[in-house]
Amino acid sequence: DRLWSIEDAASHKARKVYEVTGLPCIASRTSFEVEPMRPAGALQSQQPMSSPGTPRLTKEPSARVMSGYRFNDVGDHVDNVAGALLPGSSPERLTRFRTCLCFYDGEMELFDYGECDVDLFFCNSLRTFIPMSAAITEMSNSLQLALGLEYQKWLSKRAKEVLKKGIGRATLKLRDRVLKEGKVLPNDIIDVSAFMDSFIDVELMDQCGEELAELFVDLKPSKILTIATTGLVLAMPMGRHLQIPVVYARKERNVVMSNTYQASYSSKTVGKNRELLVSQSHLAEDDRILIIDDFLSGGSSQEALFRIVNQSGATVVGVGVLMEKVYDSGRKALSGFNVRIESLVRVASVKDGIITLLEEDGFDLDK
C-alpha cells in the first residue's frame, strides 16, 4: 500500500473490518511529510536564526537532505528520518502529521481529518497523537450530526436515569466488575474469584450487602442462613446492616456438631452431591430466616437450605443473591416456596464464553 493515499488505506481497513464483523467501523491512517529545503541563498539567510552552538553550514547540503519526503504511514521511520535530516537542516524546517479517519457502516462512508505542523527540531513519532485526537473529535461531531448520536453526555444522563429507577451504586459497580473481570469456565461456571471468592473486595461486598439488605428490611428477618464459605462474603455485611445474627451451613461435620439438620444437594461446581449441615441449636421455630448466597443458578443449594429451615420449624421470608443466572432454572425451582427472591446482577447468557447481563430497568429506556 505504499502508493495509496491515507484515504484509500483508511477506507480499505474500515471496509475489511465491516466485511468480517458486519459492524460499523472507524479506521485511521496517518501520513508524515517533510518540506523540501529552500535554496542555498535562503538557507544562508536563516543561519543567524540557528540556536547558539549550532555550527554554520559551509556548503550546500546533499540532495537527500534538501529533498522533501512523504510517507503514508507512521512508525520508527519518522524518528529515523527526523534524526538523519536535523544535522543538515534548519531546526525550523517544517514537518507535518496528517490523520485521516474513515467511518463505514455498509452504506455510508465518511472521512474526517486532523493535522499538526511541527518544527523538525521537535519532531518525533509521539506527535502522531495530536492529529489523531483532532480527527477523532471531528469524526465524533460529524457522526453526532449524521446519525443523531449523543456524544459523552449520554453516559452521565443514563446513569442519573438508572439511579432514579432504583438501581444502586453498588449494583452498578458489581455489574462493571463482572463484565471486566468475570470469566466463563467449562460447564458454564462463572469465575469471579478476582473480587468475591478467593480474593475479596471487602468494600464492594460491604456496599452490596448494604444495598441488598435494604430490599429485605420490610420482611423483618431474625437470622441470615447461608453456606460456607462463599455465601459468607455477602451474609456477613448484610447481618451487620440488618443487625441480625448469621448462621452458616457446613459441608462437613465438625467435632462440636452433635445434633444437626441436614440436606443434600447437587453441586455443579464440584460435579457431585454435597451435604449441608446446621446445628439444631442455631435455628428456632419462631425464626424468620433470610437465605443468602453468592449465586442462584439451578437452585439446588438454596432448595437444600429451605429443607433445613423446614426441619427446624422456622419460616423462610426471602432469598437474596449477588448474581443470578436467569438462563438457568433456579428462580423457577424456588417459585413453589412463594418467597421474595432478589438479585443484584442478572446474567442473561454466557454463550461463547462471553458474559451478557440482563439489562435492568433504566438501562433499556430506548427500547
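Not measured: the values here are computed from a predicted model. (Residues numbered from 1 in each chain as written. Predicted model: local features only at pLDDT ≥ 70, side-chain atom pairs only at ≥ 80, totals over all residues. Heavy atoms only, no water.)

Asks: Please clarify how the pattern of salt bridges should be interpreted in this entry.
Replies: A side chain with one charge can pair with a side chain of the opposite charge if their charged atoms come near. Here the structure, examined in full by the defined rule, presents 15 salt bridges. Across the pair R307 and E303 runs a salt bridge whose closest N-O atoms are separated by 3.1 Å. Residue R307 and its partner E303 are located together in helix α10 (residues 300-312), separated by 4 residues, close to a single helical turn. Its relative accessible area of 29% is what places R307 among the partly exposed residues. Salt bridges sharing partners connect three or more residues here, namely E7, R98 and E115. (Salt bridge = Lys/Arg side-chain N within 4 Å of Asp/Glu carboxyl O. Helix = DSSP H or I, 4+ residues; strand = E, 2+ residues; numbered from the N terminus. Buried < 20%, exposed > 50% of the residue type's maximum accessible area, 1.4 Å probe, protein only.)

Asks: Would you mind showing me how to read the nonpolar core here?
Replies: In globular proteins that are soluble, nonpolar side chains generally tend to be buried together. In this structure, L174, M238, L322 and M323 are the most contacted members of the largest nonpolar core, which totals 33 residues. The residues contacting M238, other than those within four sequence positions of it, are G209, L212, A213, F216, I224, L290 and I292. Counting residues in each nonpolar core, the second largest holds 25 residues, with I227, V247, A304 and A314 among its members. (Core = buried A, V, L, I, M, F, W, Y, C linked by side-chain atoms within 4.5 Å. Contact = heavy atoms within 4.5 Å.)

Asks: Would you mind showing me how to read the pairing of strand β3 (residues 94-104) here?
Replies: In regular strands, side chains alternate between the two faces of the sheet. Judged by how many residues are buried, β3 sits mostly within the fold: 8 of 11 residues are covered. When strand β1 (residues 25-34) meets β3, the two strands line up antiparallel, connected through 10 bridges. Note on β3: the bridge partner recorded for A27 is C102. Across 11 bridges, β3 lies against strand β4 (residues 109-119) in antiparallel orientation. Note on β4: the bridge partner recorded for T95 is V118. With antiparallel pairing between neighbouring strands as the criterion, β3 and β4 make up a hairpin whose turn holds 4 residues, including G106 at a positive phi of roughly 95°. (Pairing = 2+ DSSP bridges.)

Asks: Explanation requested: the state of the cysteines in the structure shown.
Replies: Put plainly, a disulfide is one covalent bond tying together the sulfur atoms of two cysteines. Inspection of the entire model under this criterion finds 0 disulfides. Here C25 is not disulfide-linked; the sulfur of C102 is the nearest cysteine sulfur, at 8.1 Å. Given the relative accessible area of 11%, C25 is considered buried. Distance from the sulfur of C100, which forms no disulfide, to the nearest cysteine sulfur (C102) is 6.5 Å. For C100, a relative accessible area of 0% gives the class buried. (Disulfide = S-S within 2.5 Å.)

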